[in-house]
Amino acid sequence: MTTEVRTASPADDIAEILLDAPTIATRVAELGREITAEYAGKDPVFVSILKGALPFLADLMRQVPIAVSLDFLEVSSYGDSTETSGVVRILKDLAHPVEGRHVLVVEDILDTGFTLRYVLGHLRDQKPASVRLCTLLDKPARRIVPIQIDHKGFEIPDRFVVGYGLDYGERYRNLPFIGVLKPEVYGRR
Ligand code: PRP
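Residues numbered from 1 in each chain as written. Predicted model: local features only at pLDDT ≥ 70, side-chain atom pairs only at ≥ 80, totals over all residues. Heavy atoms only, no water.

### A look at the sheet that holds strand β6 (residues 130-138)
Short version of the rule: Paired strands are those between which DSSP finds at least two bridges. The way it works is that DSSP assigns letters per residue, a run of H or I at least four long becomes a helix, a run of E at least two long becomes a strand, and they are numbered from the N terminus. Whenever a helix is involved, its axis is fitted only over the stretch in contact; in every case the axis is a line through C-alpha atoms, and angles between N-to-C directions fall within 0 to 180 degrees. Contacts are assigned to residue pairs that have any heavy atoms within 4.5 Å of one another.
With mixed pairing, six strands are arranged side by side in an open sheet as β4-β3-β2-β5-β6-β7. Of all strands in the sheet, those bounded by a partner on one side alone are β4 (89-92) and β7 (151-155). For this sheet, the mean inter-axis angle between neighbouring strands, taken without regard to orientation, is 30°. Strand direction decides the pairing type here: strand β2 (residues 45-50) and strand β5 (residues 102-110), joined by four bridges, are parallel. Bridged to V45 within β5 is V103. On the sheet, helix α1 (residues 21-39) packs against β2, β5, β6 and β7 and is oriented at approximately 160° with respect to β7.

Below, the structure written as structure tokens:
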């Protein structure tokens, strides 16, 4: 019989904080102001990509004091790995058609670009009035597919990050900051 040993707090597994909670909050408020100015009177739909973008969406939408609606896609290409498989799967599709709507895709991180290439194509197939992208994090060193970003929170270095929605093996999403795991955490799985 094997016994799984876990640390008391996910925060104990963090080697370094890249973006602390106040830094994230300040930038999210700035993005909220940009998006408010852009979408006032347009009745946009924010399409968020589960699960990683959830905390970002929750904080961002509360900084956008205009009428918006929400919808969700769930896609996955990473599984439990730190490397993308490149094959994007839809796990959950939109609840409502976006034909004729102004769509803002709200994403947590743009890495290789495989996920967003697929998602943006999927949305454009439905003939929305517009599709734009807001991503909290951009890791340009890893880009394989060029993707235009309309609203960007932070550019980050080529390191595997967790927290504020981002996971490793489905853990660490609930950390209020974005950080890098201690190397020994990878050996544990
Ligand atoms: C992560 C992240 C982005 C995608 C970015 O999702 O949330 O959607 O990878 O990577 P890419 O640019 O290389 O495609 P993941 O598949 O891990 O699902 P999750 O949001 O449920 O964690």
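### Description of the sheet that holds strand β9 (residues 178-181)
Within the open sheet, the three strands sit side by side as β1-β9-β8. Their pairing is antiparallel. Each having just a single partner strand, β1 (14-19) and β8 (161-162) make up the two edges of the open sheet. The sheet contact formed by β1 and β9 spans four bridges and is antiparallel. Following the sheet pairing, I17 is matched in β9 by G179.

### Re the nonpolar core
Under the convention used in this document: Here, nonpolar core refers to any group of buried Ala, Val, Leu, Ile, Met, Phe, Trp, Tyr and Cys residues whose side-chain atoms link them within 4.5 Å. With a 1.4 Å probe rolled over the protein chains alone, any residue whose accessible area is under 20% of its type maximum counts as buried; one over 50% counts as exposed, and the rest are partly exposed.
The biggest cluster of nonpolar side chains holds 24 residues, and the ones touching the most others in it are I35, F56, L60, L136, L137, V161 and I178. When contributions to this core are tallied by element, the ones reaching two or more residues are α1, α2 (54-61), β5, β6 and β9. For this core, the element with the most residues is α1, which contributes five residues. Those residues in contact with I35 that sit more than four places away from it in its chain are F46, L60, V64, L104, C134 and H151. With 20 residues, the next largest nonpolar core counts V45, V75, V88 and L94 among its residues.

### With respect to the packing of α1 against α2
Applicable threshold: The scheme is simple: roughly parallel for angles under 35 degrees, roughly antiparallel for over 145, roughly perpendicular for 65 to 115, oblique for anything else. By the definition used in this description, the sense in which the near helix is turned from the far one sets the handedness, with an anticlockwise turn below a right angle giving left-handed and a clockwise turn giving right-handed.
Where α1 meets α2, the axes come as close as 9 Å, and the angle between the chain directions of the two elements is 60°. Between α1 and α2, the crossing angle belongs to the class labelled oblique. By crossing handedness, the relation of α1 to α2 is classed as right-handed. Residues V28, L31, G32 and I35 of α1 form the contact with α2, whose participating residues are F56, D59 and L60.

### Quick look at the environment of G169
Turning to its location among the elements, G169 is positioned in the loop between β8 and β9. C-alpha of G169 to C-alpha of A58: the two residues are 111 residues apart in sequence and 22 Å apart in space.

### Some points on the pattern of salt bridges
To keep things clear, this is the line we draw: For this document, the term salt bridge refers to a Lys or Arg side-chain nitrogen within 4 Å of an Asp or Glu carboxyl oxygen.
Scanning all chains against the criterion turns up 16 salt bridges. Salt-bridge contacts for D59 lead to R62; the nearest nitrogen and oxygen are separated by 2.9 Å. Judged by relative accessible area, which is 28%, D59 ranks as partly exposed. Of the charged contacts in the structure, one is a salt bridge between E170 and R173, with a shortest N-O distance of 2.9 Å. Salt bridges sharing partners connect three or more residues here, namely K51, E74, D167, E170 and R173.

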